[in-house]
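Residues per chain are reported as follows:
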Amino acid sequence: MKVDIVSIFPDYFAPLDLSLIGKARTTGTLDLTVHDLRTWTSDVHRTVDDSPYGGGPGMVMRPEPWGQALDAVVSDGATLVVPSPVGKPFTQADAQQLAGLDHLVFACGRYEGIDQRVIDEARDRMPVREVSLGDYVLFGGEVAVIVIMEAITRLLPGVLGNADSLTEESHAAGLLEAPVYTKPLAWRGREVPDVLRSGDHGRIARWRREQSLLRTADRRPDMYDAYPPDLLDKWDRKA
Ligand SMILES: COC(=O)c1cc2cc(CO)sc2[nH]1
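What follows is about unusual backbone geometry. Each neighbour pair has its own omega, and for Lys183 with Pro184 the value is 10 degrees, a cis peptide bond. With respect to the secondary-structure elements, Pro184 resides in the loop between α6 (165–168) and β8 (186–187). Although it is not a glycine, Ser19 sits at a positive phi angle of roughly 50 degrees. Judged by its relative accessible area of 64%, Ser19 is exposed. Residue Tyr111 is not a glycine yet carries a positive backbone phi of 55 degrees. If you trace the backbone, Tyr111 turns up in the loop between β6 (103–107) and α4 (116–123).

The following block contains the structure:
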């Protein structure tokens, strides 16, 4: 997968050199390039912002540098992803979908945002996804891109040592995952549930499924209500 990130703070993406994402870049699974938007400015001050038409606080990112930056990094099969407070909520399903694409270009907004014509013009020549990570405000899109890049990269083939982790994890199966335990058996007066030491894999699987259902119903009734009823029945019948 090819990924290009355009930002006025390219150093923000140093974390993408680390750990499994860094390894994915080394092995070639992930071809990631970070670009400084100021590369595409032409004035001596390398200006990327200007005052907003209609007045109001702060500054807006000028369209010219963005237009030239996207001209330079976009390919025919590229999808533009723009983290934004006004975007569609980003979900695991979105991560799955984006992980299957050949080329992603991320545009990181700053200030009060990017001139709307940049997004509108981009939509004329490529798929554009404005995504929100949640109902809160950040200084810009960089941190959101790091989150999205982690969600996507771990789904790429060969990145996670144990691909089994991907099937049972929260949100992948549509439920929150069951609690996990490891040694020691007793810790500060708390013991590991006996069922997990029973060696009865069918019983353990049922216990984990029940814990997932209980947790999801308690903490995420929205997810629980959206969970396919026939999958619930099937499980109950097996139990
Ligand atoms: C100028 O601010 C931005 O471009 C910006 C991008 C994002 C993404 C957020 C989380 O969904 S909050 C936010 N602000």
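The next point concerns helix α3 (residues 92–99). Those residues of α3 lying buried are Asp94, Ala95, Leu98 and Ala99. The buried residues of α3 occupy an angular sector of 130 degrees when the element is viewed end-on, so they sit on one face. Tucked inside the fold, the buried residues of α3 contact β5 (78–89), β6, β7 (128–132) and α5 (142–153).

Between side chains of opposite charge, pairing is possible as soon as their charged atoms come close. On inspection of all chains with the given rule, the structure shows 13 salt bridges. Of the charged contacts in the structure, one is a salt bridge between Asp4 and Lys2, with a shortest N-O distance of 3.5 Å. Of the residues examined, Lys2 reaches a relative accessible area of 31% and is grouped as partly exposed. For Arg125, the salt bridge is made with Asp71, and the minimal N-O distance between the two is 2.9 Å. One end of the pair, Arg125, is in the loop between α4 and β7; the other, Asp71, is in helix α2 (residues 63–73), with 54 residues separating them in the sequence. Given a relative accessible area of 35%, Arg125 falls into the partly exposed group. Note on Asp71: relative accessible area 49%, which makes it partly exposed. Residues joined by salt bridges that share partners form a network here, namely Lys2, Asp4 and Asp31.

Lining the immediate surroundings of the ligand are 15 residues, of which Pro83, Gly109, Tyr111, Leu133 and Leu138 lie closest. At 3.4 Å from an oxygen atom of the ligand is found a side-chain nitrogen or oxygen belonging to Ser132. Within the backbone of Leu133, an N or O atom sits 2.6 Å from an oxygen atom of the ligand. Burial of the ligand by the surrounding chains reaches 95%, relative to a free accessible area of 370 Å². With 3 residues, the top contributor of residues to the shell around the ligand is β5. Along the lines of polarity and charge, the residues of the shell around the ligand split into 7 nonpolar, 7 polar and 1 charged.

So, on to α4. Those residues of α4 not exposed but buried are Val118, Ile119 and Ala122. Buried residues of α4 fall within an arc of 95 degrees about the axis and therefore sit on the same side. Check the buried side of α4 and you find it contacts α2, β5 and β7.

One can find Thr216 in helix α7 (residues 201–219). A distance of 2.9 Å separates the side chain of Thr216 from the backbone nitrogen of Leu176, its partner in a polar contact. Aside from chain neighbours lying at most four places away, what touches Thr216 is Leu175, Leu176, Pro221, Met223 and Tyr224.

Reading across the sheet, the 5 strands line up as β2-β1-β6-β5-β7 and stay open at both edges, with parallel pairing between neighbours. Looking at the sheet topology across the chains shown, the edges are occupied by β2 (31–36) and β7. In this sheet, adjacent strand axes meet at a mean angle of 25 degrees when their direction is disregarded. Relative to β2, strand β1 (residues 2–7) is paired through 6 bridges, and the arrangement is parallel.

So, how was this worked out
Residues numbered from 1 in each chain as written. Predicted model: local features only at pLDDT ≥ 70, side-chain atom pairs only at ≥ 80, totals over all residues. Heavy atoms only, no water. Helix = DSSP H or I, 4+ residues; strand = E, 2+ residues; numbered from the N terminus. Buried < 20%, exposed > 50% of the residue type's maximum accessible area, 1.4 Å probe, protein only. Arc of directions from axis to C-beta. Contact = heavy atoms within 4.5 Å. Salt bridge = Lys/Arg side-chain N within 4 Å of Asp/Glu carboxyl O. Near = heavy atom within 4 Å. Polar contact = N/O pair within 3.5 Å; in protein donor to acceptor, adjacent residues only side chain to side chain. Areas by Shrake-Rupley, 256 points an atom, 1.4 Å probe, with all protein chains shown as cover. Nonpolar A, V, L, I, M, F, W, Y, C, P; charged D, E, K, R; others polar. Pairing = 2+ DSSP bridges. Axes fitted to C-alpha atoms, helices over the stretch in contact; angles between N-to-C directions.

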